[in-house]
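Residues per chain, in single letters:
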Amino acid sequence: MRKNVLALSIAAMVGSFAGVAQADVFAPAAAATGAVLGTNVATEPGVVGTVAASATVLEVNPNNTGHTLVVPYYTAQNGNMSVIHLSNTDRANGKAVKIRFRGAANSDDVKDFQIFLSPGDVWTGAVLQGADGAASLFSADKTCTVPAIPSTGTPFATARLNTTANVNGTREGYVEIFNMADIPSVKLYSATTPASGVVAGAAGTANSILYTATKHVAGVAPCSVAGSAARATLDEIALTSYTTGVHASSVGFGGATTGLAADWYILNLAQTTAFSGSATAIEARVGAGGVAGAANFVHFPQTDAGSSAFFATANKSADTYTADPLLRTNVHNQAKAAVVGPVVTPLFIDLPDMSTPYLPGNAPAGAAGDANLPKLQAVTLTAALSRTSVSNQYALDAGISAQTDWVFSMPTRRYSVAANYKAATTAADAYRLYSDLSVVATAPGTPALTGLADEWFHPANTSVDSRGNICVNADAIRFFDREETTTGNAPIFSPAVAGQLAFCGETSVLSLSTGKVLSSSSDLTASTTTSPYTNGWTLVTTTNTFAGVNNTAGFTGGLPILGDAFIKMKNDSAGQGFASTFGLTWGHRYGR
């Protein structure tokens, strides 16, 4: 009887998922009726920081904490294991986080789920190759996820991949991580008496049902216990569509603030080699170079409900929430002709993505929303990540068996151009589909793909390789040795279109040696080039300006590139029982 009463209480609080047809995006002010509980990392557990102002810009935070994170590369190829440590450095707010693994070839979703971090919490997970050949995720962490991760692991999916890729397409890619909403340690207000900010009395001190379910007790989050009431509460909340700020706040959600950080490492036990780094952090700030602010509430149910149920109530389309060309209703092909979509049925689990409107000034408004807001988000984020050059070191010294791979990841390319596997051939105009980012300042509509202002990826600078990967042109690559000698020519990345320097695949791995450091698959995005020198550094220029296309006033140019150099060395004189293989990771240096 008590369990039934509890279940009824939960359902009354969060609302039944059945019959609720529309999730939505709210500005922080709407989510908290005038204010949002925010903190720029409180000094003590449970200490509430100042109310965060609404964020206005997105910027890369060199301190590696923020609202959105990108891990530029994961791999489960040839014995490699990729591990992620996701930290919540905010000690006043929990975080409702979306994590999505995307395949390297064309950024297709291969695994996504939600993580509910309590204040000061860390979640860890490892990606390995499973028995069926696909990548699988394993985690023994006591932080709650939705769905819960089985002890036997959960395999990555191939449903969205090109059929020729199969399970190989799951074993390499990159990771995107979003703070969908905060979980304040105190209630913003009671469900029946909204108030501005953190109020006195019970409404300002009592924990919400969501915070109580996710906050660790003696090292264990209550919702991590299978069959518990806390687990039922969390699942119900994660499956609910929130259509008003009051509804979302009543269960314990607040607007999204900063504090997420992630570290990663790639470990190969057989080769006794490890590489490591930190995720790139994008922070929503109050003005350029300003303090971190509050971003929109962007939680969507973790369910595969389709578009027909998704948008029925509010009469909105996926265009309101994503710039992904495969999910939008109106996009353009290689010939710049309009294509009626979506090519792929939008699902709740597809959202949020990196183009979901995140700045409070860009929250969808009105019954029909604004189809240009996700494009504006894509433009803002791509501009923050764009670089006009990439440089790093390499080592190919045979005396220490040195080998070098470079990773180039372009996590926002998906929101400009995507591969349509339903096209007749990779050469067909319909294979490359584009969102028109040049119309973000206009009223909602479906203008023709003309001007191409603010277009980082467009028909003039993209191509398709023999593997079905979309490629984008760079300007040149130039090698230097360690004594100021340099090449004057510009070799190409291979395989690629003849005479063209191109990054093929959303995440591409360039090997400067015949032995591949990361064992990246040539069937996916791996390519090779040859340096004329043994050791040195290399400069790749990526100005990406095209006369009459995207060289308009205010366009910054560049390509949205992240990545690292991976260098492996071997000491052949090491004695038996001593490690002889070593790995180094050096982050790319960028020009803007």
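Everything quoted here is computed from the prediction, not taken from an experiment.

To continue, consider the sheet that holds strand S7 (residues 135–138). With respect to topology, 6 strands assemble into an open sheet ordered S9-S7-S6-S3-S11-S12, the strand pairing being antiparallel. A strand with exactly one partner marks an edge of an open sheet, and here the two such strands are strand S9 (154–155) and strand S12 (273–278). As judged from the 2 bridges shared by S7 and S9, these two strands associate in the antiparallel manner. Bridging from a neighbouring strand, Leu-137 pairs with Thr-154 of S9.

This paragraph deals with unusual backbone geometry. Residue Pro-147 follows Val-146 across a cis peptide bond; omega there is -5°. Between Gly-341 and the following residue, Pro-342, the backbone shows a cis peptide bond with an omega angle of 0°. Even without being a glycine, Ser-107 presents a positive backbone phi close to 65°. Turning to its location among the elements, Ser-107 is positioned in the loop between strand S4 (93–103) and strand S5 (109–117). The backbone phi angle of Ala-218 is positive, close to 55°, even though this residue is not glycine. Within the fold, Ala-218 resides in the loop between helix H4 (209–214) and helix H5 (229–238).

On to the nonpolar core, then. Core analysis: the largest hydrophobic core is formed by 77 residues, its most contacted members being Phe-116, Tyr-242, Phe-253, Trp-406 and Phe-503. The dominant element in this core, judged by the number of residues it contributes, is strand S10 (residues 172–184), at 5 residues. Leu-86, Val-127, Val-175 and Phe-566 belong to the second largest nonpolar core, which has 35 residues in total.

The computed volume of the largest pocket comes to approximately 380 Å³. Lining the largest pocket we find 20 residues, and of these Lys-111, Asp-112, Ala-157, Gln-302 and Ile-349 sit closest to its centre. If you tally residues by element for the lining of the largest pocket, the top one is S5, at 5 residues. Classifying every residue of the lining of the largest pocket by side-chain character gives 11 nonpolar, 3 polar and 6 charged.

In this section: the packing of aromatic side chains. With the rule as written, the count across this model stands at 16 aromatic pairs. Ring geometry for Tyr-394 and Phe-479: centres 5.8 Å apart, planes at 80°, overall edge-to-face. Taken together, the residues span a long stretch of sequence, with Tyr-394 in strand S17 (residues 389–395) and Phe-479 in strand S23 (residues 476–481) at a distance of 85 residues. Each member of the pair, Tyr-394 together with Phe-479, is buried. By way of ring pairs, the aromatic residues Tyr-73, Trp-264, Phe-275 and Phe-566 are connected into one cluster. Stacked on the ring of Tyr-590, the Lys or Arg Arg-387 has its end atom at 3.9 Å from the ring centre.

What follows deals with the state of the cysteines. Per the stated rule, a full pass over the model turns up 2 disulfides. Through a disulfide, Cys-471 is tied to Cys-504; the S-S separation comes to 2.0 Å. Of note, the bridge from Cys-471 to Cys-504 carries an S-S torsion of about 110° and is right-handed in sense. Placement of Cys-471 in strand S22 (residues 470–473) and of Cys-504 in strand S24 (residues 502–504) is noted, with a sequence separation of 33 residues between them. Using a relative accessible area of 1% as the deciding quantity, one classes Cys-471 as buried. When the bonded cysteines of the protein are numbered from the N-terminus onward, they pair as 1-2, 3-4.

Within the structure shown, the criterion is met by 14 salt bridges. The partner of Asp-182 in a salt bridge is Lys-95, with the nearest N and O atoms 3.0 Å apart. Of this pair, Asp-182 sits in strand S10 while Lys-95 sits in strand S4, and the two are 87 residues apart along the sequence. What makes Lys-95 buried here is its relative accessible area of 0%. The salt bridge partner of Asp-465 is Arg-467, with a shortest N-O separation of 2.9 Å. Given the relative accessible area of 6%, Asp-465 is considered buried.

Let us now look at the pairing of strand S3 (residues 81–88). Within S3, 7 of the 8 residues are buried, leaving the element largely enclosed by the surrounding structure. By the bridge criterion, 8 bridges tie S3 to strand S11 (residues 260–268) in an arrangement that is antiparallel. Paired with Ser-87 across the strands is Ala-261, a residue of S11. Bridge count between S3 and strand S6 (residues 122–129): 6 bridges; the pairing is antiparallel. Pairing of Ser-87 across the sheet is with Val-122, part of S6.

Cut-offs used in this document
- Residues numbered from 1 in each chain as written.
- Predicted model: local features only at pLDDT ≥ 70, side-chain atom pairs only at ≥ 80, totals over all residues.
- Heavy atoms only, no water.
- Pairing = 2+ DSSP bridges.
- Helix = DSSP H or I, 4+ residues; strand = E, 2+ residues; numbered from the N terminus.
- Core = buried A, V, L, I, M, F, W, Y, C linked by side-chain atoms within 4.5 Å.
- Buried < 20%, exposed > 50% of the residue type's maximum accessible area, 1.4 Å probe, protein only.
- 1 Å grid on protein atoms, 1.4 Å probe; cavity = no way out; pocket = protein on both sides within 12 Å on 5 of 7 lines; lining within 4 Å.
- Points joined across faces, edges and corners; volume = space filled by probe spheres on them.
- Nonpolar A, V, L, I, M, F, W, Y, C, P; charged D, E, K, R; others polar.
- Phe/Tyr/Trp six-rings, centres within 6.5 Å; stacked < 30°, edge-to-face > 60°.
- Lys NZ or Arg CZ within 6 Å of the ring centre and 35° of its normal.
- Disulfide = S-S within 2.5 Å.
- Salt bridge = Lys/Arg side-chain N within 4 Å of Asp/Glu carboxyl O.

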